[in-house]
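Geometric and topological summary
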Amino acid sequence: MSKNAGWVLLLLVGTSGCQVVKEFQKNRLNDAEMILSNRKIEKTELSFQSYREGASGANAGKSGGGCGCN
Amino acid sequence: MKKICLTVVGLYIGLLAAFSQSNPDSSYRSRKLKIDEINLVSSYYHQDGDHAAVTGGIGSQKLTDISNSLEVKLIRYDHLNRKQTWSADIGLDHYTSASSDKIDPKTVSSASYSDTRIYPSFSFSRENEQKGTEWGGGLSYSGEFDYTSIGANLHGSKKTANKMGELTVKGQVYLDQVRLIYPIELRDGNSPDPLKRGTDSRNSYSLSTSWSQIINQRFQLAFLLDLVQQKGYLSLPFNRVYFTNGTVHVERLPDSRFKVPLGFRANYFAGDRLVLRSYYRYYFDNWGLRAHTASLETSVKINPFFSVSPFYRYYQQTGIDYFAPYLTHAPGKEFYSSNFDLSKFTSHFFGTGIRLAPPNGVLGIQHFNSIELRYGHYTRSNTLQSNIVSLHLKWK
């Protein structure tokens, strides 16, 4: 329960101070290194991590398929 | 004389107006399908360790993998000015594995000692920039010697009215087939447990949701939640498990697994030269595995076109309920595994990347948009170590 409350609190704190940003003001947000998902160069890293570790997901990637058996 | 001059000036302006281009309609966009970008990612991966699952949690985990993937992305705008994106991706991995060679150690080199995996995928999406909505779907295939996977996905997203927040929902299905190749000494009725022959299925169903939010001109974040259900043959048929009484068995795991990863990502552009990319994930499943992942990458812009990005990732997991090392499983258990990927451990992954994106293209080639090189070293508390080098070339 306290964990859930923590997430909600984080969401509220994180989004409460939002400013409206116009398209012409998004040059920093649109920078290639500001992308809110994994970058293409991380593709193989994510693949081997999902094979070598028990946890996977929540990274906007695939959540199954392929083997990873070796 | 003045009248003549004014008439000449008037005629000149009139001529200019007549021959000048009309004001283009800013909303017009090409309806022809054209290449938006091409991405080529190549990687070299090498690992070694002392806990191969094929040999029951002991033995070399040496493995080398070379992977290449090529993605071509095409776009067009339809008659309602909606952006359509078509994407085709093909990947090719080739690996050699020391432990796979132990499935049948009598052979000089078993079938799975080296293998090639090919994985094409296609996707389509349509975005209405005015409404802030997008939907799409995709199909994928992955095939290697003993494993095939067919995948399909659908996704949709909706931005808030002020375009500062966006909700994305994605559903994915993977229908996999595992070819049941058992360790040589357990074939032909020599296993203490009954073993199925031929192939078996492994299906994965997932629902992914994310909420991304722009906080200000420098700061944006995202919350991610996946619900993943796997059904079918979730063990690997060639993984041995040695019991305390000396008998050897094929790994046996439940035929259902429910996974819940919760993620949080926050990116901040500090000053004019520093980008901070952070990520945290908490994971749990019904096999008893709990995991924390935290990473931080700092991209330092040496100039607007060249950046250096050191990164660090920390990972820690508890083991699954069914794990025990070599010769420590007691007889009589329903499920058992000696796969150290599912044991308790911590890992560290660190390295750096460099990215070059000059305004006139890399090497002066106009559409050669960027080149990126990244190296990472991975070390796990149960002896596994690996190194990876990746290269990304982008045409746009």
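Computed from a prediction, not measured in an experiment: that's the story for all the values here. (Residues numbered from 1 in each chain as written. Chains lettered and ligands numbered in written order. Predicted model: local features only at pLDDT ≥ 70, side-chain atom pairs only at ≥ 80, totals over all residues. Heavy atoms only, no water.)

Helices and strands together make up the secondary structure of chain B, namely 1 helix and 18 strands. Across the 396 residues that make up chain B, the buried fraction comes to 45%. Here the analysis covers contacts within chain B between residues at least 6 apart in sequence; of these, 59% occur between residues at least 24 apart. For chain B, the accessible surface area stands at approximately 19700 Å², while carbon and sulfur atoms represent 62% of it. (Helix = DSSP H or I, 4+ residues; strand = E, 2+ residues; numbered from the N terminus. Buried < 20%, exposed > 50% of the residue type's maximum accessible area, 1.4 Å probe, protein only. Contact = heavy atoms within 4.5 Å. Areas by Shrake-Rupley, 256 points an atom, 1.4 Å probe, with all protein chains shown as cover.)

This part covers unusual backbone geometry. Note on backbone geometry: most residues besides glycine have negative phi, and most peptide bonds are trans. Residues and elements named next belong to chain B. Phi angles above zero are rare outside glycine, and Lys 163 is one such case at about 65 degrees. Along the polypeptide, Lys 163 turns up in the loop between strand E6 (147–159) and strand E7 (165–179). Relative accessible area serves as the criterion here: at 27%, Lys 163 is assigned to the partly exposed category. Phi angles above zero are rare outside glycine, and Thr 383 is one such case at about 80 degrees. Of note, Thr 383 is situated in the loop between strand E17 (368–380) and strand E18 (385–395). Note on Thr 383: relative accessible area 35%, which makes it partly exposed.

So, about the interface of chain A and chain B. Contact with chain A, which involves 51 residues of that partner, is made by 93 residues of chain B. Where chain A abuts chain B, roughly 6100 Å² becomes buried across the two surfaces, and 54% of that area is made up of carbon and sulfur atoms. Applying the counting criterion to the chain A and chain B interface returns 12 salt bridges. In this structure, the salt-bridge partner of B:Lys301 is A:Asp31, at a minimum N-O distance of 3.1 Å. On the surface where chain A and chain B come into contact, there are 33 residue pairs in polar contact (both at pLDDT 80 or more). For the side of chain A that touches chain B, the elements supplying multiple residues, two or more each, are helix H1 (2–16) and helix H2 (43–52) of chain A. Per element, the largest residue contribution to the side of chain A that touches chain B is 7 residues, and it comes from H2(A). Looking at the side of chain A that touches chain B residue by residue, the class counts come to 19 nonpolar, 19 polar and 13 charged. (Buried area = accessible area lost by both parts, 1.4 Å probe. Salt bridge = Lys/Arg side-chain N within 4 Å of Asp/Glu carboxyl O. Polar contact = N/O pair within 3.5 Å; in protein donor to acceptor, adjacent residues only side chain to side chain. Nonpolar A, V, L, I, M, F, W, Y, C, P; charged D, E, K, R; others polar.)

Across all of its chains, the model carries 17 aromatic pairs over all chains by this definition. Judged by centre distance (5.9 Å) and plane angle (80 degrees), the rings of B:Phe219 and B:Tyr268 are edge-to-face. With a gap of 49 residues between them, B:Phe219 in strand E9 (residues 219–232) and B:Tyr268 in strand E12 (residues 256–270) connect regions that are remote in the sequence. Taking the centre distance of 5.3 Å and the plane angle of 50 degrees together, the rings of B:Phe311 and B:Phe349 count as tilted. Here the residue B:Phe311 occupies a position in strand E15 (residues 306–317), and B:Phe349 occupies one in strand E16 (residues 345–356), the gap between them amounting to 38 residues. For the pair B:Phe311 and B:Phe349, one class covers both residues: buried. Ring-pair connections join several aromatic residues into one group, and the members of that group are A:Phe48, B:Tyr45, B:Phe311, B:Phe349 and B:Tyr378. When the ring centre of B:Phe145 is taken as origin, the NZ or CZ atom of B:Arg179, which lies over that ring, is 4.6 Å away. For the cation-ring pair, B:Arg380 lies above B:Phe345, with the distance from its terminal atom to the ring centre recorded as 4.5 Å. (Phe/Tyr/Trp six-rings, centres within 6.5 Å; stacked < 30°, edge-to-face > 60°. Lys NZ or Arg CZ within 6 Å of the ring centre and 35° of its normal.)

The next subject is the pairing of strand E3 (residues 83–97) of chain B. All names here are of chain B. In terms of strand pairing, strand E2 (residues 63–77) meets E3 through 15 bridges, oriented antiparallel. Residue pairing across strands places Asp 65 opposite Tyr 95, the latter belonging to E3. In this antiparallel pair of consecutive strands, E2 and E3, the connection spans 5 residues, and Asn 81 shows a positive phi of 65 degrees. Judged from the 14 bridges that link them, E3 and strand E4 (residues 114–128) form a sheet pairing that is antiparallel. In the strand pairing of E4, Gln 84 is matched with Arg 126. (Pairing = 2+ DSSP bridges.)

The subject of this paragraph is the pairing of strand E8 (residues 199–216) of chain B. All names here are of chain B. Inspection of the sheet shows E7 paired to E8 by 15 bridges, in the antiparallel sense. From the neighbouring strand, Leu 175 faces E8, where its bridge partner is Asn 203. For E8 and E9, the ladder comprises 14 bridges, and the chain directions are antiparallel. Paired with Ser 204 across the two strands is Gln 230, which belongs to E9. Hairpin connection from E8 to E9: 2 residues lie between these consecutive antiparallel strands.

What follows concerns the nonpolar core. Ranked by internal contacts, the top residues of the largest apolar core, which has 23 residues, are B:Leu289 and B:Ile320. By size, the runner-up hydrophobic cluster in this structure holds 9 residues, among which are B:Leu180, B:Tyr182, B:Leu186 and B:Val248. (Core = buried A, V, L, I, M, F, W, Y, C linked by side-chain atoms within 4.5 Å.)

Here the focus is the pattern of salt bridges. Overall, the coordinates contain 23 salt bridges over all chains when judged by the stated rule. What you see here is one network of salt bridges that share partners, running through A:Arg39, A:Glu42, A:Glu45, B:Arg277, B:Glu297, B:Glu372 and B:Arg374.

Among the residues making up H2(A), those that are buried are A:Thr44, A:Glu45, A:Ser47, A:Phe48, A:Gln49 and A:Arg52. Those residues of H2(A) that are buried lie in contact with strand E1 (34–48), E2, E15, E16, E17 and E18 of chain B.

Quick look at the environment of B:Gln385 now. Residues and elements named next belong to chain B. Assignment of secondary structure puts Gln 385 in strand E18. With 337 residues separating them in the primary sequence, Gln 385 and Asp 48 have C-alpha atoms 5.6 Å apart. What Gln 385 contacts, discounting residues up to four positions off in sequence, is His 46, Gln 47, Asp 48, His 377, Tyr 378 and Thr 379. Within the structure, the side chain of Gln 385 is placed 3.2 Å from the side chain of His 377, a separation counted as a polar contact.

What follows deals with the side chain of B:Asp93. Residues and elements named next belong to chain B. Within the element layout of this structure, Asp 93 appears in strand E3. Among the polar contacts listed, one links the side chain of Asp 93 to the side chain of Tyr 119, at a separation of 2.6 Å. Among all residues touching Asp 93, those that are not within four sequence positions of it are Asp 65, Ile 66, Ser 67, Asn 68, Asp 115, Thr 116, Arg 117 and Tyr 119.

So, about the environment of B:Ala330. All names here are of chain B. In this structure, Ala 330 sits in the loop between E15 and E16. A relative accessible area of 35% means that Ala 330 is categorised as partly exposed. Sequence-wise, Ala 330 and Thr 244 are 86 residues apart; in three dimensions their C-alpha atoms are separated by 5.6 Å.

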